[in-house]
Structures are given as C-alpha cells and as structure tokens.
2 protein chains.
Amino acid sequence: MIRRTKGEQTRAAILDQAVDVASRMGLEGLTIGSLAEATGMSKSGLFAHFGSREGLQLATLEHVKASFGEQVLTPVLGVDRGLPRLRALFLAWIGWKAAPGPGGCVLQSAAHEYDDRPGLIRDSVVDGQRRGLAMIERAVRVAIEESHLRAETDPAQIAFEMYGQILVAHNHSRLLGDREGRKRALLAFDELVARHAATPRQRAAA
Amino acid sequence: MIRRTKGEQTRAAILDQAVDVASRMGLEGLTIGSLAEATGMSKSGLFAHFGSREGLQLATLEHVKASFGEQVLTPVLGVDRGLPRLRALFLAWIGWKAAPGPGGCVLQSAAHEYDDRPGLIRDSVVDGQRRGLAMIERAVRVAIEESHLRAETDPAQIAFEMYGQILVAHNHSRLLGDREGRKRALLAFDELVARHAATPRQRAAA
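Calculation rules
Position numbers for residues start from 1 in each chain and track the written sequence from start to end. Written order determines the labels here, with chains lettered from A and ligands numbered from 1. Selection of residues for local features in this predicted model requires a pLDDT of at least 70, selection of side-chain atom pairs for listing and counting requires 80 or more, and totals for whole chains, interfaces and linings are taken over all residues. We count a stretch as a helix when DSSP gives it H or I for four or more residues in a row; a strand needs E for two or more, and each element gets its number in order from the N terminus. Expected helix span is given by 1.5 Å per residue-to-residue step, counting one fewer step than there are residues. Fitting one axis to the seven residues ending at a residue and another to the seven starting there, the bend at that residue is the angle between the two axes. Whether a residue is buried, exposed or partly exposed follows from its count of other C-beta atoms within 10 Å of its own C-beta, namely 20 or more, 12 or fewer, or something in between, respectively; the C-beta atoms are built from the backbone. Note that contacts rest on C-beta atoms placed from the backbone: two residues are in contact if these are within 7 Å. In this description, a line fitted to the C-alpha atoms serves as the axis of each element, helices being fitted only across the stretch in contact, and the angle between N-to-C directions of two axes falls anywhere from 0 to 180 degrees. Convention used here: angles under 35 degrees read as roughly parallel, angles over 145 as roughly antiparallel, angles from 65 to 115 as roughly perpendicular, and any remaining angle as oblique. In this scheme the crossing of two helices becomes right-handed for a clockwise turn of the near helix relative to the far one and left-handed for an anticlockwise turn of less than a right angle. Each residue receives one of three labels: charged for Asp, Glu, Lys and Arg, nonpolar for Ala, Val, Leu, Ile, Met, Phe, Trp, Tyr, Cys and Pro, and polar for the others, Gly being one of them.

S.K.: Quick one: what's the story with helix H4 (residues 53-76) of chain A, residue by residue and with numbers?
M.R.: Residue and element names in this part refer to chain A. Helix length check: H4 (24 residues) gives 34 Å between terminal C-alpha atoms against 34 Å at 1.5 Å per residue, within 8%. Where H4 bends most, the angle comes to about 35°, and this point is Gly69. Residues of H4 that are buried: Leu56, Gln57, Thr60, Leu61, His63, Val64, Lys65, Phe68 and Val76. Residues of H4 that are buried in the fold lie against helix H1 (6-25), helix H2 (32-39), helix H3 (43-50), helix H5 (83-95), helix H6 (106-114) and helix H7 (120-145).

S.K.: Break down the packing of H4(A) against H5(A) for me, with residues and values.
M.R.: Residue and element names in this part refer to chain A. The geometry of H4 relative to H5 is characterised by a closest axis approach of 9 Å and an angle of 165° between their N-to-C directions. For the element pair H4 / H5, the angle class is roughly antiparallel. Every pair of crossing elements has a handedness; the one defined by H4 and H5 is right-handed. Contacts between H4 and H5 involve Val72, Pro75 and Val76 from the first element and Arg85, Ala88, Leu89, Ala92 and Trp93 from the second. Counted by class, the contact of H4 with H5 contains seven nonpolar, no polar and one charged residues.

S.K.: An account of the interface of chain B and chain A is needed here, citing residue identities and associated values.
M.R.: Size of an interface, as often reported, equals the accessible area lost when the parts are brought together. Counting residues at the interface gives 34 residues for chain B, matched by 34 residues for chain A. Broken down by element, the side of chain B that touches chain A gets its largest block of residues, eleven residues, from helix H8 (residues 155-174) of chain B. Grouping the amino acids of the side of chain B that touches chain A by side-chain chemistry returns twelve nonpolar, twelve polar and ten charged.

Below you can see the structure in the form of structure tokens.
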C-alpha cells in the first residue's frame, strides 16, 4: 500500500473517474468537459489539476500504467522464478481490466486511436507497451537462467507471441463474448513454452 | 473485376473516402460533416446517399469488408489447397491495409471503439470478425482433408492463435515501428502448423 497525501488521494480519485470515462468513450472522448460531467467537479478546478486536455489525457495514461504495475506486474514478482512466474504474468495480464466498468483497456484502445498521430500521447502509449513487453522478456530471461527454457530461446519472440495471445484473448472475450478465450490462450502459452523447454539433460547440466 | 453502374461507382468512390476518414479518425470521427469536408460534396447529397450518420458508418464497414474479401480472401482461393492456402491467407491478412493512407484497419479500431456499445455498428464489426475467423477455420479443415494437418486438429484453436499473431503483427508494425513483426508472426505460424502436422505415416494412410 502506497501512502498518499490528501492532495494525492484527490488526484487519484479524479484519475480513477478519468480512466472510467476513457475506458467507455476512448481517450478521444476524455475532455475536461466530459470529466467535469462525470465527477461533478468544476471545469476550472480540473484545469487547475491538469493544465490542459492533453495534460489530463497523459495523466490518465500514467494512472492506467501505474494500476497495471500494481495489479499485474508487482504481484507476479512474488511467484517462483522462471516458468511459474512467466505463466502467472501471462494469466494476470489476460485477466487485467483497466476499469471496473464494461469498458476495455484504455492503453489498448488508445493504441488504435493514436497509432498514426505523432505526439506525447502516442509516445506514452508506446512507452506503456514497451515496458510490458520488456517485463515479459525479463521473465523469459529468468526462465532461461533457471534452466526452464533453453539458452537459445529468443525472449523477444516469446514476448511477441505471448502478446498476440493476450490481444486475441481480450478481443474474443470483449467483442465476441467467447468464454473459451482464456483456455485457448493458455493452451497456446503452454505449447509455446513446451517448444522452448530445456531437456532434462540440459536441466541436469545447468 | 466487378462491373458497376455509374451510381454504384459514385457510391464506391465516396465510400473509399469514408474509409480513409475512418481510418485516420476512427469510425467515431466519421460524420456526414467530416465526409462532406473530405469529399467536397454537400451534406444534403451525402444524406441522400446514406440516410443518416449511422447509415454512413454501416455502409463504410460493409465497404471495408468487401475490400478485405477482394484483396485478402478471394486471391487466396487460387492458391493450392491445404497448408499453402492457409499460409497464403495468413500472409495476405498480415499485409492487409484498409486504406492507402497511414491509418489502420477500420474494422480493428472499431472493435475497440464499439466493443462495449451494443447496436448495429457493433453487430457489423462482430460479423466481420466472425467471417474472417470462419475463413481461417475453413482453410484449416481443407488442410486436414488434404492430410497436411492431423485429423484431431481443432480449427477454432488454430484460428484463435493465428488471429493473435495477426493482431500483434499489425500492432508492432503500426505502433512500435517494428520491422521484424512479419518475420516473427511467420515463425509463430510455421511452428504452429508444424505442431499439428500429420506424420508421414498418417499422410500415406490418407
């Protein structure tokens, strides 16, 4: 639990609402006006907090990334090193929701809204994805160190394939109402790591 | 080549522009007003064509699906049955662009915009995805018939995994500027089908 000052608590509560708005209406739908309506706060009060609409959008993305860190990345560090941790990261990511409401992940929808619009928002989305992918790659390298995966395993290839299964699992669950997505993604993951698993001899030699 | 009447040609030309607008600004950014600006046509003329903004959005989605059919699905039917066709479908889909401009696939961004908004637009996006997935499943079944893949291969699992690799390849190319995406996706595909390949004995017995 992070201790926060009263001002930080207020800001965090406002940003929770901002994430909720962005989750339902896209980051493009998040304005000082739409947030004022959602929170009942004055526009001038919100301007004082965030400076501009872009400032609000960027703060909202940072808030989502912090939640992702707290809810997905940090708990996984408590899981046994190597494959168990990699698998826990995969499952936590598939189960991740940016907001309690029906909206989807703000970072993922912003990736589609801003992929062709250079600027600070796009940079922030790219940074979020790169950090997530780097976290997978680190977990893969630990699994290699633990001799769970073969030394020649390419962490970037595993991260690429795992990220694909995370994207399709979210898509199928949210858009197609497919209840099998988690199971299918997990099957893909288990076959992916089995393909790269160290042999008993390699494990014994390690 | 499909023969079109003059009226159909005009409509198709307007819809090409609508796809371009939606590709850059999202389907949410596509309005009678934004299309009038892009085409130089009058709003009343566009209303006469599409009846309403939602009519325009739905016609645009159908136009994207028709292009996808013409550019991705139909050419692939000319490729040898079985694995060659499945691989060609995968590669054509990875190379697919809804519009010549820098914008991304309208169907994919609309999936994020409308996943939590029930209605005709969401239904159309779901229909587009289901048809694409069904096309993969059909190609997998043909590969089973040709004894390229084992009889117990689950077409829905293959379609799920292939779709994940298509999503991540597009994401990495458009958002992260990753030039390795196509190669990584193809590696994932080749390992996926190798895992489900029929053995020589099964092929001989077929």
